[in-house]
Amino acid sequence: MDSLAIVKTNYNVELIESKIILTRKKELTSSTKNIATAIAQISRHKKNTVHVLEKPKKTYKDILAMDIETTHATPLLGEIKVISVYGKDLQLVTEDVNEVRHLLNDTEVLKVFHNASFDVTWLRTHGFSVKSYTDTLVMSQILNNHAKKGNSLKEIAKTKLGVDLNKAYQHADNWVGELTEEHKKYALMDAKATYEVFLKFSKAISEKHLDIVLDREINAMDAIIELNMNGIQFDYTGWESELKDMEVESTQLLETLRSTLSLPTLNLQSPIQVKAALHEFGIPVEGTADEVLAKFEDQFAVIKELRRYKKLRKQLNSYGEKLKNAIDSDGRLRGNWKLCGTDTFRMTCKEPNLQGMPGISKPYFKARDGHTFIVADYSTIELRILAEITQDKELVQAFQSGEDLHNKTAAFVFGKGSSEPISSTERKVGKIINFGLVYGMTKWGLQKKINAALDHPIELYEAEAFRSRYFELYQGVLAYQDEMIRSDFILTLGGRYWTEGHCMLPKGAIARFNYPIQSSCAEGLKESLTLFLQDRKQTWQLAAVVHDEIVLEVPDSEVKEASQFLKDCMIGGMGCIVKQIPIEVDINHAKYWVK
DNA sequence: GCCATCACG
DNA sequence: ACGTACGTGATGGCA
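Parameters and conventions
- In every chain, residue numbers begin from 1 and rise along the written sequence.
- For this description, chains carry letters from A and ligands carry numbers from 1, given in the order in which they are written.
- Only residues with pLDDT of at least 70 get local features here, since the model is predicted, and only at 80 or more are side-chain atom pairs given and counted; chain-wide, interface and lining totals rely on the full set of residues.
- Side-chain measures were taken over the full set of non-hydrogen atoms in the model, leaving aside hydrogen atoms and water.
- Secondary structure counts use DSSP, requiring at least four H or I residues in a row for a helix and at least two E residues in a row for a strand, with both numbered from the N terminus.
- Exposed residues in this analysis have more than 50% of their type's maximum accessible area, buried residues have under 20%, and partly exposed residues fall in between, with area computed by a 1.4 Å probe over protein chains only.
- Residue contacts follow a heavy-atom distance rule, with two residues in contact if any of their heavy atoms lie within 4.5 Å.
- Residue-level accessible areas treat just the shown protein chains as cover; the underlying method is Shrake-Rupley with a 1.4 Å probe.
- Angles shown run from 0 to 180 degrees and are taken between the N-to-C directions of axes, each axis being a line fitted to C-alpha atoms and, for helices, limited to the stretch in contact.
- When an angle is under 35 degrees it counts as roughly parallel; over 145 it counts as roughly antiparallel; between 65 and 115 it counts as roughly perpendicular; any other value is oblique.
- All residues other than Ala, Val, Leu, Ile, Met, Phe, Trp, Tyr, Cys, Pro, Asp, Glu, Lys and Arg, Gly among them, are scored as polar; the first ten of these are nonpolar and the last four charged.
- At least two bridges found by DSSP between two strands is the condition for calling them paired.
- The rule is short: rings of Phe, Tyr and Trp, with Trp giving its six-membered ring, pair when the centres are within 6.5 Å, and they are stacked under 30 degrees, edge-to-face over 60, tilted in between.
- Charges are assigned to positions over rings by a cutoff of 6 Å between ring centre and Lys NZ or Arg CZ, combined with an angular limit of 35 degrees from the ring normal.
- Only a single heavy atom is needed: when it lies within 4 Å of a molecule or strand, its residue is near that molecule or strand.
- The definition of a polar contact used here is a pair of N or O atoms within 3.5 Å, where within protein one atom must be able to donate a hydrogen and the other to accept one, and adjacent residues in sequence count solely through side-chain atom pairs.

> Teacher, can you tell me more about the overall build of chain A here?
Secondary structure summary: chain A contains 22 helices and 16 strands in total. Here chain A holds 595 residues, and 51% of them are scored as buried. In chain A, the proportion of contacts linking residues at least 24 apart, taken out of those at least 6 apart, comes to 69%. Here chain A displays about 27300 Å² of accessible surface, and carbon together with sulfur accounts for 52% of that area.

This is how it looks when you write it as structure tokens:
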């Protein structure tokens, strides 16, 4: 059979410039690892990464052995205008997707798209089955180690192939009327470029030992396509009655605040105006952020009202009318999900951001008739990953014995004996310390955070004392941070890495602590999603994925079975990444999105 | 277009 | 060691 490759580009590629250009070019005293040891390390990971429930789907190597086929489709105003196919022995451009229906469905032909989740979502939504596909966007993200920079087909074609793709033709204005030869030429050029990029990237990924990373992402891609398609039902009528109360209260507060501050036209949504007004009123705020205002709440009633007002405006502005307009005709909210949305390869979602819905709105996300949501989340997963990475004796011991880590930390920093009880305030402090110091929080940051959460403020020296006590207990964490600062090679538990010559190392020291943990967590979650997709019943559908949480929508009668299965997938998937620390999953179910 | 702010993890 | 905890998306104000 002939080799083909299917490529598709969308005309709405979004590029967000990164603004963080911190340059910390400290002497990276080549700590331990050079590239050779890196590769050895990654190979070891590769061997260890075994799915617990079932062997993985097709691996990337298997896919390469197949015939390759490429399509390029140009969506226009939400529709695919043309689809072009470029392969070694097949090249075509057509307005009728039916012409490639068999090709899309053929498991023996690998389809290559640029930004596959977009195209496959469209195709499946329009009744085309798409089997065996891969994505040059994800390949580019893996090779660049950047999620949103330099991954457009245009840029890649330019830098990797030296080809100028004229993207101007993709503009809607250029597609009015008949399809001309000119159109076809450009469409085919995109497909050809994608085909060539694919071949180039395949080689590079293999050379850099990133096959397991690519496999993991591609295997999980069906999950976000499903999220794109399914959406999640939202009861706006119910939410609206909540909004109405908020609107009334907000209007009253606006009036009260303006009158108290003697400024009848004051815009309370303007930080500049509010700050000036409060100064005039005799309150020396340094800003108008909530944690700043909180310090003055006890002294001034006006601050309490202002905080409430700001909270209400946030809900109303971001999740009111805006949300209503996002609801599809079938009553469901559909986001635009990305598989590798962040540089740590966490997933993201926008328009609307279903990963950022406020807790107060969650009860209005409702399962369809006869269905129930299963909401499962990992318990303290990032701290468990920290334990796995650092092998810190105390952390490992705490998790293996099932000890409450926040209590443990609190007991130690407060110098409590083993039999002395830990108050809820002390545990709260323990929690802040655990989460904050993992990422290199300083004494200033720690003081600020603790003071924002507690009634009685602490002094800087106290925060400093907590910090030293923490590192006294968890010496492995200190050693890890020290290592990460100096290292010129940073590795995740699943085989991603940052090093000179392959990708940019994270710039700031703090990002160096955080990247391996957040990335490893994302890797484990994707392994879980793959396990889920492999063996779930078709009636168990993904409704949302929020970093450490998976929400399913399942028939009422299958809640128990699906819950157990999901839990097994989540523990098994994370277990591919985290091998020595036990993984715990909390699982709930309800007719709405329970917290 | 950038900043400050705040929703989520 | 950095610059004061990481990663996002969305909003309104402001220049």
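> Any chance you could explain the packing of helix α19 (residues 460-473) against helix α20 (residues 475-486) here in plain terms?
Packed helix pairs are specified by the crossing angle of their axes together with the interaxial distance, meaning the distance between the axes. α20 packs onto α19 with a crossing angle of 100 degrees between their chain directions and a minimal axis gap of 4 Å. The orientation of α19 relative to α20 falls into the category roughly perpendicular. Contacts between α19 and α20 pair Tyr 470, Phe 471, Glu 472 and Leu 473 from the former with Gln 475, Val 477, Leu 478 and Gln 481 from the latter. Of the residues that constitute the contact of α19 with α20, the class distribution is five nonpolar, two polar and one charged.

> Just to check I follow, could you spell out the sheet that holds strand β16 (residues 585-590) for this structure?
Strand pairing in a sheet relies on backbone hydrogen bonds, with the paired strands running either antiparallel or parallel. Taken in spatial order, the four strands make up an open sheet running β14-β15-β11-β16, and their pairing is antiparallel. Among the strands making up the open sheet, the edge pair consists of β14 (541-545) and β16. Direction aside, the axes of adjacent strands within the sheet are offset by 20 degrees on average. Pairing of strand β11 (residues 371-378) with β16, which is carried by six bridges, proceeds in the antiparallel orientation. Residue pairing across strands places Val 375 opposite Asn 588, the latter belonging to β16. Of the strands in this sheet, β11, β14 and β15 (549-555) are in contact with helix α21 (residues 509-535), which crosses β14 at around 170 degrees.

> Help me understand the packing of aromatic side chains, please; the structure alone is not making it clear to me.
In this description, a pair of aromatic rings is defined by centroid distance and the angle of the planes. Under the definition given, this model contains twelve aromatic pairs. Taking the centre distance of 5.3 Å and the plane angle of 85 degrees together, the rings of Phe 365 and Trp 593 count as edge-to-face. Residue Phe 365 is located in the loop between β10 (348-350) and β11, and its partner Trp 593 is located in the segment after β16; the two are separated by 228 residues in the primary sequence. Of the two residues examined, Phe 365 and Trp 593, each falls in the buried class. A cation sits over an aromatic face here: Lys 185 above Tyr 186, 5.7 Å from the ring centre. Over the ring of Phe 345 we find Arg 496; its NZ or CZ atom is 3.5 Å from the centre of that ring.

> Sorry, what's going on with the protein's contact with DNA strand B here?
Around DNA strand B sit 19 residues, and of these Thr 288, Asp 290, Gly 359, Asp 548 and Lys 595 come closest. In DNA strand B, the atoms that sit within 4 Å of the protein are 86% sugar and phosphate, with bases accounting for the remainder. Here a phosphate oxygen of DNA strand B sits 2.9 Å away from a polar atom, N or O, in the main chain of Asp 290. Note that a phosphate oxygen of DNA strand B is positioned 3.4 Å from one of the side-chain N or O atoms of Lys 311.

> Sorry if this is basic, but what is going on with helix α14 (residues 381-390) here?
Turn by turn, an α-helix covers 3.6 residues, leaving residues three or four places apart pointing in a common direction. Counted residue by residue, α14 has nine buried out of ten residues, so it is predominantly covered. Listed as buried for α14 are Ile 381, Glu 382, Leu 383, Arg 384, Ile 385, Leu 386, Ala 387, Glu 388 and Thr 390. One or two positions beyond α14, positive phi appears at Gln 391, with a value near 60 degrees.

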